[in-house]
Amino acid sequence: MPGHNELSVLINDCIAQSRSAQKKLYDLYSPAAYGIIKRYMYGNDAGAQEVLNDSFFKIFMKLGQYSFQGAFEGWIRRIVVNTIMDHLRKNIKHEHSQKEIGPEDAYVSSESVERMSYKELLGIVQTLPDSQRAVFNLFVFENYSHKEIATVLDMNENNSRWYLNDARRRLKEKINL
């Protein structure tokens, strides 16, 4: 990644509409952004590409708002996650069964998890239904509270809790096979 001065020049060139600077910024940061997007939208390559394009459109439109305070990667990540949430909010159906799920339903022994690689665990997470995968990713990887998740996904906090617990239950079933 570019140093602070090089990043400043690159961002200012992008703001000045330099196509080569925009391509360089895209080439530098799109792989990480796409990785985040795929975690939420596994199996939907067309949708993931659409979200990536929308994310970079927003990044380029808002570059003038970047204050050079904090990591640029974090600033980009926030835009990417917000764009994912906009997409999911439009496309996720908020349906779930009424089965109550308790903490004991979601417990997975650490020995089971330790036997699995990160890729295997991520593969299991990617098999979750869209709504559960979104809530799980936001809660676990982005450290969102249930209140924040409810806001970004246009649901109530209880639904967010339910989706998280059901995701954990499903993951437990798959991990303990």
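Residues numbered from 1 in each chain as written. Predicted model: local features only at pLDDT ≥ 70, side-chain atom pairs only at ≥ 80, totals over all residues. Heavy atoms only, no water.

Turning next to the overall build of the chain. On a plain count of helices and strands, the chain comes out with nine helices and zero strands. Reading the secondary structure of the chain in the N-to-C direction produces α-α-α-α-α-α-α-α-α. Here the chain holds 177 residues, and 43% of them are scored as buried. Carbon and sulfur atoms make up 51% of the accessible area of the chain, which amounts to about 10,100 Å² in all. (Helix = DSSP H or I, 4+ residues; strand = E, 2+ residues; numbered from the N terminus. Buried < 20%, exposed > 50% of the residue type's maximum accessible area, 1.4 Å probe, protein only. Areas by Shrake-Rupley, 256 points an atom, 1.4 Å probe, with all protein chains shown as cover.)

Mapped onto the secondary structure, Asn91 falls in helix H4 (residues 72-91). Residue Asn91 is classed as partly exposed on the basis of its relative accessible area, which comes to 45%. As for Asn91 and Leu153, which are separated by 62 residues in sequence, their C-alpha atoms are 9.9 Å apart.

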